[in-house]
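So the chains spell out like this:
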Amino acid sequence: MAIQPIDLQAVYTQMDKAAQIAQQQQNGPQLARALQENRIVRETAEQAAQVQKAAQNEAEIKMRDSDQKKGNGDAPDGKKRRRNADSQSPETPQQPEIRELYLGQHIDITG
């Protein structure tokens with residue numbers, strides 16, 4: 001069965017729609033990848049801003065603490081504030097506390 005000119009006429013009228021669909025199929029993954037990259041960049045920038053805020057807050061707290069220590073060290077009655085136990089012995093390194101998560105969760109009442 002051969003293609004008749006009337007059949008081609010219907011195909012030519014729909015050719016622009018077929019081209020648009022083919023272009024969308026080719027550009028779809030690229031567009032999705034670009035959107036995902038933009039989202040990742042935005043999230044990374046937000047996380048960096050949060051880290052900077054936390055670092056800034058920590059620096060402010062340290063400055064306040066050092067100002068308070070300086071102010072309390074020069075008290076008029078000559079008494080200095082007692083330091084914490086971990087700051088009393090600077091020569092001994094502080095050991096991290098090791099704790100098992102399951103401890104205290106299961107109580108064996110058989111016995």
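A brief report on the enclosed structure follows.

So, how was this worked out
Numbers given to residues run from 1 along each chain, matching the order in which its sequence is written. Under the rules for a predicted model, residues below a pLDDT of 70 receive no local features and side-chain atom pairs below 80 are neither given nor counted, while totals for whole chains, interfaces and linings still include all residues. To obtain the side-chain values, all non-hydrogen atoms of the structure were used and water was disregarded. In this description a helix means any DSSP run of H or I spanning at least four residues, a strand means any run of E spanning at least two, and both kinds are numbered starting from the N terminus. Values of accessible area rely on a 1.4 Å probe in the Shrake-Rupley scheme; residue burial ignores everything except the protein chains shown. Like-charged residues within 9 Å of one another, or nonpolar side chains (Val, Leu, Ile, Met, Phe, Trp, Tyr) within 5 Å, are grouped into patches, provided each residue has over 30% relative accessible area and no salt bridge. By convention in these notes, a salt bridge is any Lys or Arg side-chain nitrogen within 4 Å of a carboxyl oxygen on Asp or Glu. Accessibility here uses a 1.4 Å probe with only protein chains present; expressed as a share of the type maximum, an area under 20% marks a residue as buried, one over 50% as exposed, and anything in between as partly exposed.

1. What to know about the overall build of the protein chain
- Within the protein chain one finds 3 helices and 0 strands.
- Ordered by position in the sequence, the α and β elements of the protein chain form the string α-α-α.
- When the accessible surface of the protein chain is totalled, it reaches about 11,300 Å², and 54% of it is carbon and sulfur.

2. Re a nonpolar patch on the surface
- Together, Ile 3, Leu 8, Val 11, Tyr 12 and Met 15 make up a nonpolar patch on the protein surface, roughly 510 Å² of accessible area in all.
- Counting residues per element, the nonpolar patch draws most heavily on helix α1 (residues 5-13), at 3 residues.
- On the secondary structure map, Val 11 appears in helix α1.

3. Comments concerning the pattern of salt bridges
- Using the criterion set out here, one finds 3 salt bridges in the structure.
- In this structure, Arg 39 engages Glu 43 in a salt bridge whose closest nitrogen and oxygen atoms are separated by 3.3 Å. Of this pair, Arg 39 and Glu 43 both sit in helix α2 (residues 15-73), separated by 4 residues, roughly a single helical turn.
- In this structure Arg 39 comes out as partly exposed when scored by relative accessible area, which is 34%.
- Exposure remark for Glu 43: the relative accessible area of 35% places this residue in the partly exposed category.

Keep in mind these values describe shape, not function.
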